[in-house]
Amino acid sequence: MKDLRDKVAVITGAASGIGLAMAERAATEGMRVVMADIEAERLGTESERLAASGANLLAVPCDVGDADSVCALERRAREHFGAVHLLCNNAGVSGGGKTWEIPLEEWRWILDVNMWSVIYGLHYFLPGMLSQGEPGHVVNTASIAGLMSVPDIAPYSLSKHAVVSLSEGLFSELRNEGGQIGVSVLCPSFVATQIHLAARNRALSDRYSERQRDEELEQAKVFETYLTELAMPVSKIGDLVFDAIRENHFYILTHKKGSLEHIERRMRGLRDNDPPHIAEPSAFPVEWK
Ligand SMILES: NC(=O)c1ccc[n+]([C@@H]2O[C@H](COP(=O)([O-])OP(=O)(O)OC[C@H]3O[C@@H](n4cnc5c(N)ncnc54)[C@H](O)[C@@H]3O)[C@@H](O)[C@H]2O)c1
């Protein structure tokens, strides 16, 4: 998709981090932008900020883990702008623990937001994007955790492997439809965002109290220094993603060298019948320059 001016981008998880960086870049490219997020207040603040600098955009509160909410997002986008050319299925949350100890409710939350959201996005948006008969693109945000196996974050890792696999199959399906719609899968290692505070968006229930959530958020703060000092600045995301959209590149790795080392070790294990190559989150690649 070479020509972006005046085209319509829908970006989920657009109130923060990687999604916000994509929305900013889409607006800079002269695209009309639909920003969707579950955090209505932050969405309002960020969309007003971008609108004040001249962006033509629509902010839509949306829970991507809910099929009806994603269906309504597609309808709002089409009613408001008349078309959708770029779909960024980006919203995501993290969490984990020992596989057998993670409450089922937490598994469902992570898989709903990280995996089902992408299925809903493709299900509700692609028919319209295909029938427009114009060039378009889909960017699904996975993770380096979708290309290698990572202990202690099983629901996250599982969801991201699913997004990579879904995107790879989709690439071929869309090519068979004539190739007007491209697809990319974004696989970041550490990027400085609010992902470590994902629990802020987890709904409270009988089994998940406000106190538990506050404790988790407090514990997560230990990552803050790490994220600000070592992680890739989120401002780098725009170039990586929009170059891939223009050049129709499929894999987008933020930390290519380190990521490939892990992927190659995983594949060598497969070939040589070795135990699986495991990368602790602390061994995720941080070298991005
Ligand atoms: N930051 C990293 O290091 C990193 C690494 C690999 C992958 N990712 C992926 O990048 C994507 C973006 O995350 P980020 O790092 O920008 O984190 P972030 O927390 O800064 O942004 C995520 C956004 O998603 C929104 N969101 C959460 N649940 C939602 C829901 N149910 N419906 C709609 N919106 C929802 C949040 O409100 C937030 O605005 C995620 O899919 C994440 O898994 C991030």
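Use the structure listed above.
The notes below deal with the structure included here. (Residues numbered from 1 in each chain as written. Predicted model: local features only at pLDDT ≥ 70, side-chain atom pairs only at ≥ 80, totals over all residues. Heavy atoms only, no water.)

With respect to the site of the ligand
Around the ligand, the structure places 30 residues, and the nearest of them are Ser16, Ile18, Asp37, Tyr156 and Thr193. For the ligand, an oxygen atom lies 2.9 Å from a polar atom in the side chain of Glu39. Within the backbone of Asn90, one N or O atom sits 2.8 Å away from an oxygen atom of the ligand. Elements supplying a minimum of two residues to the shell around the ligand: helix H1 (17-28) and helix H5 (154-176). (Near = heavy atom within 4 Å. Polar contact = N/O pair within 3.5 Å; in protein donor to acceptor, adjacent residues only side chain to side chain. Helix = DSSP H or I, 4+ residues; strand = E, 2+ residues; numbered from the N terminus.)

What about the sheet that holds strand S4 (residues 86-89)?
Remark on secondary structure: sheet strands pair via backbone hydrogen bonds, oriented parallel or antiparallel. The seven strands lie next to each other as S3-S2-S1-S4-S5-S6-S7, forming an open sheet whose pairing is parallel. The open sheet has two free edges, formed respectively by strand S3 (57-61) and strand S7 (251-253), since each of these has just one partner strand. Sheet twist, expressed as the mean angle between neighbouring strand axes with direction ignored, is 15°. Packed onto the sheet, H1 meets strand S1 (8-12), strand S2 (32-37), S4, strand S5 (136-141) and strand S6 (181-187) and runs at close to 170° relative to S1. Strand contacts of helix H4 (residues 104-132): S1, S4, S5 and S6, with the helix running at about 175° to S4, the strand carrying the most contacts. (Pairing = 2+ DSSP bridges. Axes fitted to C-alpha atoms, helices over the stretch in contact; angles between N-to-C directions. Contact = heavy atoms within 4.5 Å.)

Comments concerning the pairing of S5
The buried fraction of S5 is high, at six of six residues. Along S5, one buried face is formed by Gly136, Val138 and Asn140 and the opposite face, lined by His137, Val139 and Thr141, is buried too. Inspection of the sheet shows S4 paired to S5 by four bridges, in the parallel sense. Each residue of the ladder has a partner; that of Leu86, found in S5, is His137. The parallel pair S4 and S5 is bridged by H4, and the resulting crossover is right-handed. A crossover links S5 with its parallel partner S6, the connecting element being H5, and its sense is right-handed. (Buried < 20%, exposed > 50% of the residue type's maximum accessible area, 1.4 Å probe, protein only. Right-handed = clockwise from strand over helix to strand, strands pointing away.)

Quick word on the side chain of Arg202
Mapping Arg202 onto the fold places it in the loop between S6 and helix H6 (210-220). Setting aside chain neighbours within four positions, we find Arg202 in contact with Glu105, Glu106, Trp109, Tyr208, Arg213 and Glu216.

So, the pattern of salt bridges
If you walk through the whole model with that rule in mind, you get 17 salt bridges. Note that Arg211 and Glu215 form a salt bridge whose closest N and O atoms lie 2.9 Å from each other. Placement of both Arg211 and Glu215 in helix H6 is noted, with a separation of four residues, approximately one turn of the helix. Note on Glu215: relative accessible area 37%, which makes it partly exposed. The salt bridge involving Arg271 is made with Asp272; its shortest N-O contact spans 2.8 Å. For Asp272, a relative accessible area of 39% gives the class partly exposed. In this structure, a network of salt bridges that share partners links the residues Arg25, Glu29, Asp239 and Arg246. (Salt bridge = Lys/Arg side-chain N within 4 Å of Asp/Glu carboxyl O.)

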